[in-house]
Amino acid sequence: MTTLSLTGVAKSFGRVPVLRDVSLTVPAGTRTAVVGASGSGKSTLLRLIAGFEHADEGEITLGGTTLTAPGRFVAAHRRGIGYVAQDGALFPHLTVEQNVRFGLPRRRRDPAQVREVMELASLDPALAGRYPHQLSGGQQQRVALARALAPGPEVVLLDEPFSALDTGLREQTRQAVVEALEASGVTTLLVTHDHDEALSFGRQIAVIAGGRLVQSGPPSAVFDNPVSAEVAAFLGAAIVLPAWAGSASDGVDCALGRVPVRHDRSNGRPGARLLIRPAQLELRPVDGAHNAVVEDVRSRGSHAEVLLRTAGTSSVLIPLRVPAHEGPAYRAGMPVSVTVAGGGVLYPAD
Ligand SMILES: Nc1ncnc2c1ncn2[C@@H]1O[C@H](COP(=O)(O)OP(=O)(O)OP(=O)(O)O)[C@@H](O)[C@H]1O
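Predicted, not measured: the structure shown is a model, and the values here were computed from it.

Participant: What exactly am I supposed to notice about the overall build of the chain here?
Facilitator: The number of helices and strands found in the chain is 8 helices and 23 strands. Structurally, the chain occupies a C-alpha span of about 80 × 50 × 35 Å along its principal axes. The 350 residues of the chain split such that 48% are buried. Contacts spanning at least 24 positions in sequence make up 66% of the contacts within the chain whose residues lie at least 6 apart.

Participant: Is there a simple way to think about the site of the ligand in this case?
Facilitator: The environment of the ligand is made up of Phe13, Val18, Ala37, Ser38, Gly39, Ser40, Gly41, Lys42, Ser43, Thr44 and Glu160. In the model, an oxygen atom of the ligand is placed 3.0 Å from a nitrogen or oxygen of the Gly41 main chain. Contacts to the ligand include Lys42, whose side-chain N or O atom sits 2.9 Å from an oxygen atom. In isolation the ligand exposes 640 Å². Once the protein is present, 54% of that is buried.

Participant: Mind showing me how you'd approach the sheet that holds strand 20 (residues 303-310) here?
Facilitator: In a beta sheet, neighbouring strands pair by backbone hydrogen bonds and run either parallel or antiparallel. If you walk across this open sheet you meet the 5 strands as 18-22-19-20-21, and the pairing is antiparallel. The open sheet is flanked by strand 18 (281-285) and strand 21 (317-323), the only strands paired with a single partner. Mean inter-strand twist for the sheet, computed between neighbouring axes without regard to direction, equals 40°.

Participant: Explanation requested: unusual backbone geometry in the structure shown.
Facilitator: Leaving glycine aside, a negative phi is the common case for residues, and trans is the common case for peptide bonds. Here the phi dihedral of Asp21 falls at roughly 45°; this positive angle occurs in a residue that is not glycine. Phi angles above zero are rare outside glycine, and Glu160 is one such case at about 45°. Tracing the chain through its elements places Glu160 in the loop between strand 8 (155-159) and helix 5 (167-184). Residue Glu160 is classed as buried on the basis of its relative accessible area, which comes to 9%.

Participant: Where do I start with the confidence of the model for the chain in this structure?
Facilitator: Low pLDDT marks stretches whose predicted atomic positions should not be read closely. Per-residue pLDDT for the chain has a mean of 89; in total, 99% of the residues score no lower than 70. Predicted complex metrics record ipTM = 0.94 and pTM = 0.88.

Participant: What am I meant to see in empty space enclosed by the protein here?
Facilitator: Leftover empty space is mapped by rolling, across the atoms, a probe with the size of a water molecule. Scanning the entire structure with this criterion turns up 1 cavity of 30 Å³ or more. Val84, Gln141, Leu145, Leu158, Pro161, Phe162 and Val177 are the residues that line the largest cavity. Residues that form the lining of the largest cavity fall into these classes: 6 nonpolar, 1 polar and no charged.

Participant: Could you clarify how one ought to interpret the environment of Gln141 in this entry?
Facilitator: When you line up the elements, Gln141 lands in helix 4 (residues 137-149). Expressed as a C-alpha distance, the spacing of Gln141 and Thr173, which sit 32 residues apart in the sequence, is 7.8 Å. A distance of 2.6 Å separates a polar atom in the side chain of Gln141 from the backbone oxygen of Pro161.

What counts as what
By convention here, each chain's residues receive numbers from 1 onward along its written sequence. Since the coordinates come from a predicted model, pLDDT governs what is reported: local features require at least 70, and pairs of side-chain atoms require 80 or more to be given and counted, while whole-chain, interface and lining totals use all residues. The side-chain figures draw on all heavy atoms in the structure; neither hydrogens nor water molecules are used. Comment: elements are numbered from the N terminus, with helices defined as DSSP H or I runs of at least four residues and strands as E runs of at least two. To sort residues, take the accessible area from a 1.4 Å probe on protein chains only and compare it with the maximum for the residue type: under 20% means buried, over 50% means exposed, and anything in between is partly exposed. Whether two residues are in contact is decided by their heavy atoms: any pair within 4.5 Å suffices. Any residue with a heavy atom positioned within 4 Å of a molecule or strand is treated as near that molecule or strand. In the analysis that follows, any N or O atom pair within 3.5 Å is treated as a polar contact, provided that within protein one partner can donate a hydrogen and the other can accept it, and provided that, for residues neighboring in sequence, both atoms belong to side chains. Method for areas: the Shrake-Rupley scheme with a 1.4 Å probe, in which residue coverage is limited to the protein chains shown. Here, any two strands with at least 2 DSSP bridges between them count as paired. Axis lines are fitted through C-alpha atoms, for helices just across the contact stretch, and the angle between N-to-C directions can take any value from 0 to 180 degrees. Each residue carries a pLDDT value, the predictor's own confidence for that position, ranging from 0 to 100. Only protein atoms enter the 1 Å grid used here, on which a cavity is any set of points holding a 1.4 Å probe that cannot leave and a pocket is any open set flanked by protein within 12 Å on both sides along at least five of seven lines; residues with an atom within 4 Å of a point are listed as lining. Grid points are joined across faces, edges and corners, and a volume is the space filled by probe spheres set on the points. Under this grouping Gly is polar, as are all residues other than the nonpolar Ala, Val, Leu, Ile, Met, Phe, Trp, Tyr, Cys and Pro and the charged Asp, Glu, Lys and Arg.

This is the structure:
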């Protein structure tokens with residue numbers, strides 16, 4: 001088990017900067033997910049670590065070994081890094097067994113070793129003689145993982161390995177992959193554009209935007225206290241309301257009334273925005289005093305979406321999910337009381 005470290009890594013293609021000043025440590029034997037929008041530089045980051053591309057600046061080290069630094073570049077096949085591509089990139093003319101066997105060092109290429117690695121990736125031995133086109137997408141990804149783990153790498157890099165799978169298979173494959181990574185104890189870096197996947201993958205999440213690593217830390221800490229309202233919205237449904245009076249210690253006034261401040265990121269700048277997660281809102285129909293009115297109710301099958309308009313002069317529209325069976329309890333024009341459980345995160349106005 002080895003720690004992977006990046007320090008001040010930068011990369012441009014031609015004149016276009018794709019990554020700037022990226023520093024990240026993945027502690028030995030742990031899993032980190034890098035999440036970012038399409039084009040934010042995630043695959044480029046993995047390709048630099050794998051040694052498929054040269055960095056313009058910065059250092060990449062694995063344990064005590066420098067892989068990339070000014071004047072130093074260790075070739076990809078000497079890095080001890082496994083790579084799983086988005087589509088698995090299996091050899092189409094080789095069977096499952098032959099694909100996995102290919103990953104093993106020559107001296108360990110015996111059937112028992114192949115079986116052991118297949119087992120690690122939860123692959124049924126009955127699949128050994130099949131060709132990649134005879135496998136489901138999830139099985140292909142597990143073969144790709146088995147092949148990547150076969151040589152006993154120090155680090156495994158996963159480039160959106162679940163993105164081509166449909167929802168049910170995706171969850172199941174992700175679980176199998178996490179179990180295999182856990183059992184092998186390999187240091188892992190996953191890139192994905194899916195925030196749920198990133199938040200549930202490992203010990204650390206790193207958010208990349210516009211080629212910069214804008215925040216990293218334990219998933220619950222980053223989700224709870226995002227560096228900006230933009231990062232907050234990227235990581236999940238977010239309600240961002242103007243806040244116009246009060247203080248971080250006493251709570252601030254917004255369209256839903258006075259709300260406590262859980263984290264203050266406004267740096268005392270006047271004019272502020274308050275982040276609340278929809279799961280914090282408790283909704284209840286009322287006859288008298290209310291702070292919002294139902295604007296619309298839509299059934300979405302598994303749940304209902306209730307669109308609220310907050311009361312007061314600077315009214316705001318808030319879409320809120322309620323369980324499907326609660327949908328009929330609401331109708332347009334109905335006054336409701338909305339309370340906020342826990343506090344919000346306060347940001348400057350822009
Ligand atoms: N070899 C290359 N030559 C020129 N530009 C490139 C090259 N590789 C990537 N880029 C550009 O770098 C930017 C980042 O690409 P990258 O593939 O790293 O993003 P990504 O976050 O992985 O995106 P996606 O989620 O869509 O795969 C993009 O604008 C892309 O067009």
